[in-house]
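Spelled out, the chains give:
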There are 2 protein chains.
Amino acid sequence: MTACLCCVRVVKLFGQIEERALGRGMAYLYVQVADDLRRRIQSGEFPAGSQIPTREQINKQYKVSAAVAIKALSVLVTEGLVESRPGAGAYVLPPRERLQLSRERHREVRGGSPFAGDMETQGKTPRWRAHSRSDAATAEVARRLGIAEGDPVMRTVYVYTADDEPVQRAVSWEPYELTRGTPIAFPEDGPHGGRGVRDRMAVIGVTVTHRREALSSRGATVEEARDLGIATGAVVTVLRRTYFTDDRPVETADIVAAGDRTEFVYVLPIS
Amino acid sequence: MTACLCCVRVVKLFGQIEERALGRGMAYLYVQVADDLRRRIQSGEFPAGSQIPTREQINKQYKVSAAVAIKALSVLVTEGLVESRPGAGAYVLPPRERLQLSRERHREVRGGSPFAGDMETQGKTPRWRAHSRSDAATAEVARRLGIAEGDPVMRTVYVYTADDEPVQRAVSWEPYELTRGTPIAFPEDGPHGGRGVRDRMAVIGVTVTHRREALSSRGATVEEARDLGIATGAVVTVLRRTYFTDDRPVETADIVAAGDRTEFVYVLPIS
DNA sequence: TCGAATTTGTGCGTATGTATC
DNA sequence: GGATACATACGCACAAATTCG
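Residues numbered from 1 in each chain as written. Chains lettered and ligands numbered in written order. Predicted model: local features only at pLDDT ≥ 70, side-chain atom pairs only at ≥ 80, totals over all residues. Heavy atoms only, no water.

### Some points on the overall build of chain A
Regarding its fold elements, chain A presents ten helices and ten strands. In chain A, which comprises 271 residues, the proportion classed as buried is 48%. A fraction of 55% describes how many contacts in chain A between residues 6 or more apart in sequence connect residues 24 or more apart. Working note: accessible area of chain A is about 13,300 Å², and carbon and sulfur atoms make up 52% of it. (Helix = DSSP H or I, 4+ residues; strand = E, 2+ residues; numbered from the N terminus. Buried < 20%, exposed > 50% of the residue type's maximum accessible area, 1.4 Å probe, protein only. Contact = heavy atoms within 4.5 Å. Areas by Shrake-Rupley, 256 points an atom, 1.4 Å probe, with all protein chains shown as cover.)

Right, dumping it as structure tokens:
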């Protein structure tokens, strides 16, 4: 195994010859630079709110190219440790006060909006907009709703804001066969528009008994990034929710929120 | 507002002049390429498991530079849509079967390990290792445990595996004042080692009544990436859990799992 | 108030190392 | 072993946003 370019540079940088230059777990240059910047931040050299070295300063201080400085900075941004603004620089973020989105049972208050309740508790003004259209179920949506791929569904996209800052984005699907011709066919229109799934389903005699929520995370898609006001590829938490009656699913949704600005909260009793 | 470089190229590419070249929401070149590749994947042109165009093919097909092809591909990788392997190419990932980590109430079965139950349900062999040491509470841990910063705590790091693949990593803190001198001082040692928090606390007459779990997400730290076998900066889901008696917190933990390989699942009744 | 300097985000071209086929 | 393909690295340029004199 011969030394690659990055390893040769490491040798030049640190004056070490064998151990690091030939190690299999050799860290890349941009990782080394990111690690050192992270260490300097955590050591207190750059407190919260302060500016960290610019691209050019990194080039000089670490004797690396522009590409390495850019990638090292992007690592710290992805970790949520710093925030960079064009023309201004990169700044250390304070330990984030995350907006709390509670998922407790008492959210299911008759007639109230869970999101509005959460935001008002935290002193924020809630608002949302929604847009519905009918669509054909994808394989994934069909599986979750227990219907056939291609079956008609009502698809609604919601964007929720707090103090006019985007907080969460949701895409909801309901089997059109269930609600067609009823007053709740359009989730956001009609006399029952804007109410929760439980209340709307009750209108047509469907009793929702439980819900399943599965949480994972990934990089944001372009649409999500735009709606949430975050960078493309920034980390988002994904909550896949399905409402059930005793014997069938009646609604499913993908709820997406910025990973570092929000948290989904569950409080559960222990028997 | 004058057209930037990328916009000029867009004009060349699509033969359109005014609308797109001057629009404020103008998409960057790499975003356009990523969008088109995503569209082609979702249209069925590249089914799951198939190879998508190589970087060189992207250069030619879209008439863009290497840097744009690289960044467009990295967007799709971050989104979890494709996986790229050096020397092999980039391949469409099948809809991910995520390992399910259930957070339901019935997990709290006396004497059993919740993780083991989850994994056995999914046909995997569970295993874990743990390491405890006493430590001083950080500001964050002190806040969560309702103690003073610097107070002694027992800190335990767990790494859980399924079929010897790392699945989740947890760092747990207990107030040392609560367990000092009792048989449960070391979570993984003694007659009650390895049992759940509820059962261990019962041994010393402490009744756990509820727990709070807050989920967010971010890029993995270096330690987490090493323990979970993922790339540095890969996305992880973070679950902050605290166990309470009626009047005080008795344990808190940060549970971290790969964002795209696992999901935390809640099933909740609706009153 | 306006222009110059700074800084980030993006783009182009090229080269090397390493993994895979 | 050779060809292919990805990951990283270097150097350079321009546009847009911000900052500051």
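### Some details on the packing of aromatic side chains
Residue and element names in this part refer to chain A. A complete count under the given rule lists nine aromatic pairs over all chains for this structure. Judged by centre distance (4.7 Å) and plane angle (50 degrees), the ring pair of F115 and Y160 falls under tilted. One end of the pair, F115, is in helix α6 (residues 114-121); the other, Y160, is in strand β5 (residues 152-162), and 45 residues separate them in sequence. Summarising the burial analysis for this pair, F115 and Y160 share the class buried. The positively charged end of K71 is found above the aromatic ring belonging to Y30, 4.8 Å away from the centroid. (Phe/Tyr/Trp six-rings, centres within 6.5 Å; stacked < 30°, edge-to-face > 60°. Lys NZ or Arg CZ within 6 Å of the ring centre and 35° of its normal.)

### A look at helix α3 (residues 29-42) of chain A
For the α-helix, the turn length of 3.6 residues means that residues three or four positions removed from each other point alike. Residue and element names in this part refer to chain A. Across its 14 residues, α3 extends 20 Å between first and last C-alpha, which sits within 8% of the 20 Å expected from 1.5 Å per residue. Buried residues of α3: L29, V31, Q32, V33, A34, L37, R38, R40 and I41, and no others. Positive backbone phi, approximately 100 degrees, marks G44, located one or two places after α3. (Expected span 1.5 Å × (residues − 1).)

### Describing the interface of chain B and chain A
How big an interface is tends to be reported as the loss of accessible area on association of its parts. With 43 residues of chain B in contact, the opposing surface of chain A contributes 43 residues. Both faces combined, the contact of chain B with chain A buries some 3,800 Å², and carbon together with sulfur accounts for 56% of it. Across the chain B-chain A interface, the total number found is four salt bridges. Across the pair R240 of chain A and E263 of chain B runs a salt bridge, and its minimum N-O distance is 4.0 Å. There are 15 residue pairs in polar contact (both at pLDDT 80 or more) connecting chain B and chain A. Contributing elements (two or more residues each) for the side of chain B that touches chain A: α3 (29-42), β7 (210-219), β8 (235-244) and β10 (262-269) of chain B. Considering every element that reaches the side of chain B that touches chain A, the biggest residue donor is β7 of chain B, with ten residues. By residue class, the composition of the side of chain B that touches chain A is 16 nonpolar, twelve polar and 15 charged. Bridge count between strand β7 (residues 210-219) of chain A and β10 of chain B: six bridges; the pairing is antiparallel. Its bridge partner being in β10 of chain B, A214 of chain A is matched across the sheet by V265 of chain B. (Buried area = accessible area lost by both parts, 1.4 Å probe. Salt bridge = Lys/Arg side-chain N within 4 Å of Asp/Glu carboxyl O. Polar contact = N/O pair within 3.5 Å; in protein donor to acceptor, adjacent residues only side chain to side chain. Nonpolar A, V, L, I, M, F, W, Y, C, P; charged D, E, K, R; others polar. Pairing = 2+ DSSP bridges.)

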